[in-house]
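# Structural description and commentary
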Amino acid sequence: MSGLPVARTCPGLGEASDLKFPLGAKFREPLTETRFQQLFGDAKQELEPLAEPRLSRLCRQWRRRARACSGPGAWRLLLARLPPLRWLPHYRWRAWLLGDAVAGVTVGIVHVPQGMAFALLTSVPPVFGLYTSFFPVLIYTLLGTGRHLSTGTFAVLSLMTGSAVERLVPEPLGGNLSGIEREQLDAQRVGVAAALAFGSGALMLGMFALQLGVLSTFLSEPVVKALTSGAALHVLVSQLPSLLGLPLPRQIGCFALFKTLAAVLTALPRSSPAELTISALSLALLVPVKELNVLLASVLCFTSSLDTRYNVQIVGLLPGGFPQPHLPSMAELPRILADLLPIALVTFAVSASLASIYADKYRYSIDSNQELFAHGVSNLISSLFSCFPNSATLATTSLLVDAGGNTQLAGLFSCIVVLSVLLWLGPFFYYLPKAVLACINISSMRQMFFQMQEIPQLWRISRMDFAVWMVTWVAVVILSVDLGLAIGVVFSMVTVVCRTQRVQCLALGLAEGTELYRPLRESRKLLKVPGLCILRYPSPLYFGTRGQFRRTLEWHLGLGEGGEEAPKMDGPPDRVAEPVRVVVLDCSGITFADAAGAREVVQLASRCRDAGIHLLLAQCNASVLGTLTEAGLLDRVTPEQLFVSVQDAAAHALQRLEPTGPKTCTVWV
């Protein structure tokens, strides 16, 4: 039978060995780590990184970065920071241009009403939503690596920004402001929103400088989806006053959703029938014909004079052109520091996850650190033009893909549409009722609400991920988006720690007729050699798991005190049968070890030596082996006790258990 091992007498000392070509030979002796390095690697090169001082490694890294200042290095840096230099020369003009043009124009048409709607959610005038639908899109086209990503205004960020704006620049209690007072209030709110974009952009650039793109992995998919779904409910409730024509102040902070609902129910008798009718008709027409509905509502309001006859709130004049670029007020930064990190994390997490989804679907790669750079620059520069925080958006990204978009070039066509509105078509939106914009906000939340359909499937796949989803969603809905995000991330990290605490140490046995060692609990037909214990610990070994590791090994090897309570382990204890003489510890599941975990292994080696148990370690990765070596493991064991695989360690153990009989070793056929 090809591939199965059989027993064979190993060569004794001084005899010829088949180890000259171990992979091509049928028979070989057990391989230790030292012997493996002699045969297949340069032992000096392997040991140098471990012995190299930290200062030398830092100097070598700085020399490598200094070489980037040369001509070729500068060109490589330019290619990395300006992705169009890489993909534009390979652009398939005939195959992709039409799709990018159609998708870009389609997304641009959606950006116009959606940008104005999300501006109201941010508590700034509608025109600033158009600015945020132009500058960030243009910048991401030049710097982003997500070919199918559509950036601009995003409901969750608008909600978070609006909460900060309302907290720092609240509406006066009277509510009756003159035109000049309203302009001053709007200017202050725009300044706060721009400062939030500037600060979050600067924070993302700092994260890019530290190469912290890996932080996106800490915002798991259940956390992101629960966050967006919970925020969608906040958006829905916050738009109820606009739908009903109720001039209610915006509620912020914890329990804002319930406060808003209570205020709406209390003021419901004072709702405006005209705005209620407009909202009902808009919602009925919004799903099939969103853009046409905006035009119809504007024409209806103009011809019927709803703004004067029924006091319906309208968008009003959209200033033409662009605002003068200016630096946001730095005086606002100390008051918004607590808001910057959540906004930056949501921006990067949503954008990176969306980019990864479509990159996997269409088989290309993204650079998470470059995404940090792109969104950081996008928010930083756009804040100079009074834009509020922006990121990738769920609805427009899906629309861009469905419309046939292929590359970032679609963003340029989207910018052309928004630019035409800013320069020429703005007056056509003068009579657009704000109730229609509130309906657009609610309609844009459909995809986020649809994410809740995945909950039953998540329950079946992973109860732990289901718990993360529910805890995050409940925290977002009951408290706030910021606190819900923090609670979701912390709870997600706690579940990871809990999973490492609940692992079981697996006792392995040999499947007869093979070289495979499998957990004994999988089958009663697995062979267990008397006196030999093979254990696999499938978890990182750090300060949080060292106690579990110690108790597990003591129980299996009979090293613990008699009064200790035996933990629940896999398989029967070896001390019930013949005492353990040789133990093989399979370290393939130990992905990393800290100082506390390494000292635990060293102490285990000492206790095994005192108890007359021969300890063998198998399949330690380079990082774990280096940590154990620095902790003094080689003072307790010899290099001949470190093996490249469980099979090699077990073969050596069988030789040790049967010193007078035939030396059994692994035989490959």
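Quantities reported herein were computed from a predicted structural model and do not represent experimental measurements.

Below, the discussion takes up unusual backbone geometry. Among all residues except glycine, the phi angle is most often negative; among peptide bonds, the trans geometry is most common. For Arg363, which is not glycine, the phi torsion reads 60° and is therefore positive. The topology assignment puts Arg363 in the loop between helix 17 (333-362) and helix 18 (368-383). The backbone of Gln619 sits at a positive phi, close to 60°, despite the residue not being glycine. Within the secondary structure, Gln619 sits in the loop between strand 7 (614-618) and helix 28 (622-630).

Next up on the list: the UniProt feature "transmembrane region" (unreviewed entry) in the protein chain. Under the UniProt annotation, the feature "transmembrane region" (unreviewed entry) is placed at residues 93-112, 119-143, 190-210, 340-360, 411-432 and 466-494. Structurally, residues 340-360 is divided into 100% helix and 0% strand, and its ends, taken at the C-alpha atoms, are 30 Å apart. Here residues 411-432 runs as 68% helix and 0% strand, with 26 Å between its end C-alpha atoms.

For the structure on display, the rule yields twelve salt bridges. With a shortest N-O distance of 3.1 Å, Arg550 and Glu600 are connected by a salt bridge. Of this pair, Arg550 sits in helix 26 (residues 546-557) while Glu600 sits in helix 27 (residues 595-610), and the two are 50 residues apart along the sequence. A cluster of three or more residues bridged by salt bridges with shared partners is formed by Glu166, Glu171, Arg182 and Arg189.

Our next topic: the sheet that holds strand 5 (residues 532-536). Reading across from one edge, 4-3-5-6-7-8 is the order of the six strands in this open sheet, with mixed pairing throughout. The two strands at the open ends of the sheet, each matched to only one other strand, are strand 4 (517-519) and strand 8 (642-643). Relative to strand 6 (residues 582-586), strand 5 runs parallel, the two sharing five bridges. In the strand pairing of strand 6, Cys533 is matched with Val583.

For the rest of this paragraph, the subject is the packing of aromatic side chains. Pairs of aromatic rings are described using the distance from one ring centre to the other and the angle between the two planes. Counted by the stated rule, this structure contains 14 aromatic pairs. The interplanar angle of 45° and the centroid separation of 4.9 Å between the aromatic rings of Phe208 and Phe373 together place this pair among those described as tilted. Here Phe208 is found in helix 10 (residues 179-209), whereas its partner Phe373 is found in helix 18, with 165 residues between them in sequence. No difference in accessibility class separates Phe208 from Phe373, as the two residues are buried. By way of ring pairs, the aromatic residues Trp87, Tyr91, Trp93 and Trp96 are connected into one cluster. It is Arg81 that lies over the ring of Phe373; its NZ or CZ is 6.0 Å from the centre. Taking the ring centre of Trp96 as reference, the NZ or CZ of Arg147 above it sits at 5.5 Å.

Attention now goes to the packing of helix 10 against helix 17. Interaxial distance between helix 10 and helix 17 falls to 8 Å at its minimum, and their mutual angle equals 60°. One element, helix 10, and the other, helix 17, form an angle in the oblique class. Judged by the sense of rotation from one axis to the other, the crossing of helix 10 with helix 17 is right-handed. Side by side, helix 10 and helix 17 meet where Val192, Ala195, Leu196, Gly199, Ser200, Leu203, Met204 and Met207 of the first sit next to Leu333, Ile336, Asp339, Leu340, Leu341, Ile343, Ala344, Leu345 and Thr347 of the second. Taken together, the residues that form the contact of helix 10 with helix 17 break down as 13 nonpolar, three polar and one charged.

By size, the foremost hydrophobic cluster in this structure holds 87 residues, and its most contacted members are Met116, Val156, Ile336, Val346, Met448 and Val481. It is helix 17 that contributes the most residues to this core, 14 residues altogether. If we ignore the near neighbours within four places in the chain, the residues touching Val346 are Val156, Leu157, Met160, Leu227 and Leu485. With 36 residues, the next largest nonpolar core counts Ala511, Leu541, Phe549 and Leu628 among its residues.

Across the interface, helix 8 (residues 135-143) lies against helix 20 (residues 410-425) with an axial gap of 9 Å and an inter-helix angle of 160°. Classified by the angle their axes make, helix 8 and helix 20 are roughly antiparallel. For the crossing formed where helix 8 meets helix 20, the hand is left-handed. Residues Val137, Leu138 and Thr141 of helix 8 pack against Gly411, Leu412 and Cys415 of helix 20. Split by residue class, the contact of helix 8 with helix 20 holds four nonpolar, two polar and no charged.

What follows is about the pairing of strand 5. Most of strand 5 sits inside the fold, with four of its five residues counted as buried. Here strand 3 (residues 506-510) runs beside strand 5; their pairing, made up of three bridges, is antiparallel. Considered in strand 5, the bridge of Ala507 is made with Leu535.

Together, Trp75, Leu78, Leu82, Leu85 and Leu142 make up an exposed nonpolar region whose accessible area comes to about 430 Å². Looking at the secondary structure, you find Leu142 in helix 8. By relative accessible area, Leu142 is classed as partly exposed at 45%.

Here we take up the side chain of Thr393. Within the element layout of this structure, Thr393 appears in the loop between strand 2 (391-392) and helix 19 (394-402). Not counting residues up to four positions away in its chain, the partners in contact with Thr393 are Ser150, Gly152, Thr153, Phe154 and Leu354.

A word on helix 28. Note on helix geometry: an α-helix contains 3.6 residues per turn, so any two residues three or four positions apart are oriented the same way. Looking at helix 28, one finds that the buried residues are Val624, Leu625, Gly626 and Leu628. If you check the start of helix 28, you find a side-chain oxygen 3.1 Å away from the backbone N of Ser623, and it comes from Asn621. Positive backbone phi, approximately 100°, marks Gly632, located one or two places after helix 28.

Analysis parameters
- Residues numbered from 1 in each chain as written.
- Predicted model: local features only at pLDDT ≥ 70, side-chain atom pairs only at ≥ 80, totals over all residues.
- Heavy atoms only, no water.
- Helix = DSSP H or I, 4+ residues; strand = E, 2+ residues; numbered from the N terminus.
- UniProt positions renumbered as here; feature names shortened; annotations may be inferred.
- Salt bridge = Lys/Arg side-chain N within 4 Å of Asp/Glu carboxyl O.
- Pairing = 2+ DSSP bridges.
- Phe/Tyr/Trp six-rings, centres within 6.5 Å; stacked < 30°, edge-to-face > 60°.
- Buried < 20%, exposed > 50% of the residue type's maximum accessible area, 1.4 Å probe, protein only.
- Lys NZ or Arg CZ within 6 Å of the ring centre and 35° of its normal.
- Axes fitted to C-alpha atoms, helices over the stretch in contact; angles between N-to-C directions.
- Parallel < 35°, antiparallel > 145°, perpendicular 65-115°, else oblique.
- Left-handed = near helix turned anticlockwise from the far one by under 90°.
- Contact = heavy atoms within 4.5 Å.
- Nonpolar A, V, L, I, M, F, W, Y, C, P; charged D, E, K, R; others polar.
- Core = buried A, V, L, I, M, F, W, Y, C linked by side-chain atoms within 4.5 Å.
- Patch = residues over 30% accessible without salt bridge, like charges linked within 9 Å, V, L, I, M, F, W, Y side chains within 5 Å.
- Areas by Shrake-Rupley, 256 points an atom, 1.4 Å probe, with all protein chains shown as cover.
- Polar contact = N/O pair within 3.5 Å; in protein donor to acceptor, adjacent residues only side chain to side chain.

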